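# Secondary and tertiary structure notes
Single-letter residue listing:
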Amino acid sequence: MDAPHYVAARVQRALAEDERTVELGIRVDVRGDKIFLRGRVSAPERRLLIEDVAREAAPGLSVHNEITLVEVREPGEEEPL
Amino acid sequence: MTQTRVAAVADIHMGEDLRGRFRPKLHGIEDRADVLLVGGDLTRHGTIAEGRVVADELRDLPIPVVAVLGNHDYHSDCEQAITAILRDAGVVVLDDEATILSMNGTTLGVVGGKGFGGGFAGKCASEFGEPETKAFVRHTRHIAERWRHALSGLDSDHRVVLSHYSPVKDTLMGEPTEIYPFLGSYLLAEAADEEGADLIIHGHAHLGTEKGLTPGGIQVRNVAVPVIGMAYTVYRLNGA
């Protein structure tokens with residue numbers, strides 16, 4: 001079995017290079033037989049796609065999707081510079 | 001001279017799945033700002049189809065829109081086509097050059113481009129060794145030279161630099177330090193500090209923080225959507 005370090009690197013690379021995701025900002029941690037995904041994305045569909053790609057890149061491990069959705073708020077107060 | 005209100009956002013990463021979701025957030029922007037700056041990573045894969053989505057989201061806004069591309073927009077080798085599509089939609093796309101906008105009796109000069117990496121003074125790559133390493137660093141140096149040249153010839157009341165990559169470390173806080181050389185370069189800040197600017201806008205660092213300063217004291221703002229959590233933020237440049 002691959003060391004967790006290499007599994008995490010493989011998943012991270014898949015998320016960056018897979019055409020379905022192209023996500024560079026997702027943190028991947030492997031602990032035992034679990035993969036934890038953390039980061040922020042802008043659509044629920046992307047959150048699920050990232051989980052799919054991660055699962056394919058590390059079959060047999062359970063994926064814990066802790067990615068949160070960016071809620072794009074209305075603009076607030078302007079900042080004087 | 002009157003004040004200029006600059007709205008800014010970066011890393012909107014549009015795709016077909018987000019079509020029509022960004023534009024409503026820009027409703028009423030003309031009441032809040034005089035110009036919208038978009039700091040790269042407009043698309044996810046850099047495809048022409050995604051470029052068209054971006055163009056449709058930004059088309060015919062009541063205020064001028066100035067944009068630069070980001071690394072994602074280069075991914076499919078269609079950056080020139082995307083630039084053309086955006087320009088057809090009325091967006092000013094800067095590729096290491098300047099534009100001057102007149103508004104409310106004042107002029108705003110914007111200089112910008114994608115920028116690039118290399119790292120920050122004392123912990124950066126240099127033009128030494130393998131050709132690949134030298135090419136990497138040279139790319140950033142050439143960009144910085146073009147920005148310096150564009151800034152030096154710019155005659156406007158206010159000057160803003162628009163980039164995708166970061167000119168400083170301050171706004172990367174939250175990102176792993178190991179990847180700083182891929183997030184920006186001090187050469188970009190050095191060019192702006194030498195020639196002077198009121199503000200530098202960038203994106204790229206999704207885990208970074210909004211506010212920073214160049215060594216020369218220019219305000220830097222990271223406006224990546226995950227950082228600001230808004231469709232855009234507004235900075236007011238006051239008259240001198």
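Residues numbered from 1 in each chain as written. Chains lettered and ligands numbered in written order. Predicted model: local features only at pLDDT ≥ 70, side-chain atom pairs only at ≥ 80, totals over all residues. Heavy atoms only, no water.

To continue, consider the layout of surface pockets. All names here are of chain B. There is about 270 Å³ of room inside the second largest pocket. What lines the second largest pocket is a set of 17 residues, among which Tyr74, Glu79, Leu94, Asp95 and Asp96 lie closest to the centre. Counting residues per element, the ones that place at least two in the lining of the second largest pocket are α3 (79–88) and α4 (131–152). Within the lining of the second largest pocket, the residues separate by chemical class into five nonpolar, six polar and six charged. (1 Å grid on protein atoms, 1.4 Å probe; cavity = no way out; pocket = protein on both sides within 12 Å on 5 of 7 lines; lining within 4 Å. Points joined across faces, edges and corners; volume = space filled by probe spheres on them. Helix = DSSP H or I, 4+ residues; strand = E, 2+ residues; numbered from the N terminus. Nonpolar A, V, L, I, M, F, W, Y, C, P; charged D, E, K, R; others polar.)

This part is about the packing of aromatic side chains. Residue and element names in this part refer to chain B. This model, assessed by the stated rule, comprises four aromatic pairs over all chains. Measuring from centroid to centroid gives 5.6 Å for phenylalanine 116 and tyrosine 165, while their planes differ by 65°, and the two rings are edge-to-face. Taken as a pair, phenylalanine 116 in the loop between β6 (106–113) and β7 (119–120) and tyrosine 165 in the loop between β9 (158–163) and α5 (186–195) lie far apart in primary sequence, 49 residues in all. For phenylalanine 116, a relative accessible area of 17% translates into the label buried. On the numbers, 6.4 Å between centres and 85° between planes, the contact of phenylalanine 120 with tyrosine 180 is edge-to-face. Residue phenylalanine 120 is found in strand β7, and its partner tyrosine 180 is found in the loop between β9 and α5; the two are separated by 60 residues along the sequence. With relative accessibility at 12%, the residue tyrosine 180 sits in the buried group. Every member of this aromatic cluster is reached through a ring pair, and the members are Phe116, Phe136, Tyr165 and Phe182. (Phe/Tyr/Trp six-rings, centres within 6.5 Å; stacked < 30°, edge-to-face > 60°. Buried < 20%, exposed > 50% of the residue type's maximum accessible area, 1.4 Å probe, protein only.)

Let us look at the nonpolar core. By size, the foremost hydrophobic cluster in this structure holds 54 residues, and its most contacted members are Val9, Leu36, Leu37, Leu86, Ile201 and Tyr232 of chain B. The contact partners of leucine 86 of chain B, leaving out residues within four places of it in the chain, are Leu42, Gly51, Val54, Ala55, Leu69, Val91 and Val93 of chain B. Counting 18 residues, the second largest nonpolar core, distinct from the first, contains Val7, Leu15, Val41 and Leu61 of chain A. (Core = buried A, V, L, I, M, F, W, Y, C linked by side-chain atoms within 4.5 Å. Contact = heavy atoms within 4.5 Å.)

A separate point is the UniProt feature "domain: BON" (unreviewed entry) in chain A. Following the UniProt record, the feature "domain: BON" (unreviewed entry) maps to residues 3–71 of chain A here. Taken end to end, residues 3–71 of chain A is 41% helix and 26% strand, and its first and last C-alpha atoms sit 36 Å apart. (UniProt positions renumbered as here; feature names shortened; annotations may be inferred.)

This brings us to empty space enclosed by the protein. All told, the structure shown has one cavity of 30 Å³ or more when counted by the stated rule. In this structure, the largest cavity spans a volume of roughly 30 Å³. Taken together, Glu23, Gly25, Ile26 and Arg40 of chain A together with His206 and Leu207 of chain B make up the lining of the largest cavity.

The next subject is the sheet that holds strand β4 (residues 62–65) of chain A. All names here are of chain A. One open sheet accounts for three strands, arranged β1-β2-β4; its pairing is mixed. The sheet is open, and its two borders are formed by β1 (27–31) and β4, each paired with just one other strand. Strand-to-strand twist across the sheet, computed as the mean angle between neighbouring axes with direction ignored, equals 20°. In this structure, β1 lies alongside strand β2 (residues 34–38), joined through five bridges in antiparallel fashion. Within β2, the position partnered with valine 30 by the bridge is isoleucine 35. Against the sheet, helix α2 (residues 44–57) makes contact with β2 and β4, and its axis sits at roughly 155° relative to β4, the strand it touches most. (Pairing = 2+ DSSP bridges. Axes fitted to C-alpha atoms, helices over the stretch in contact; angles between N-to-C directions.)

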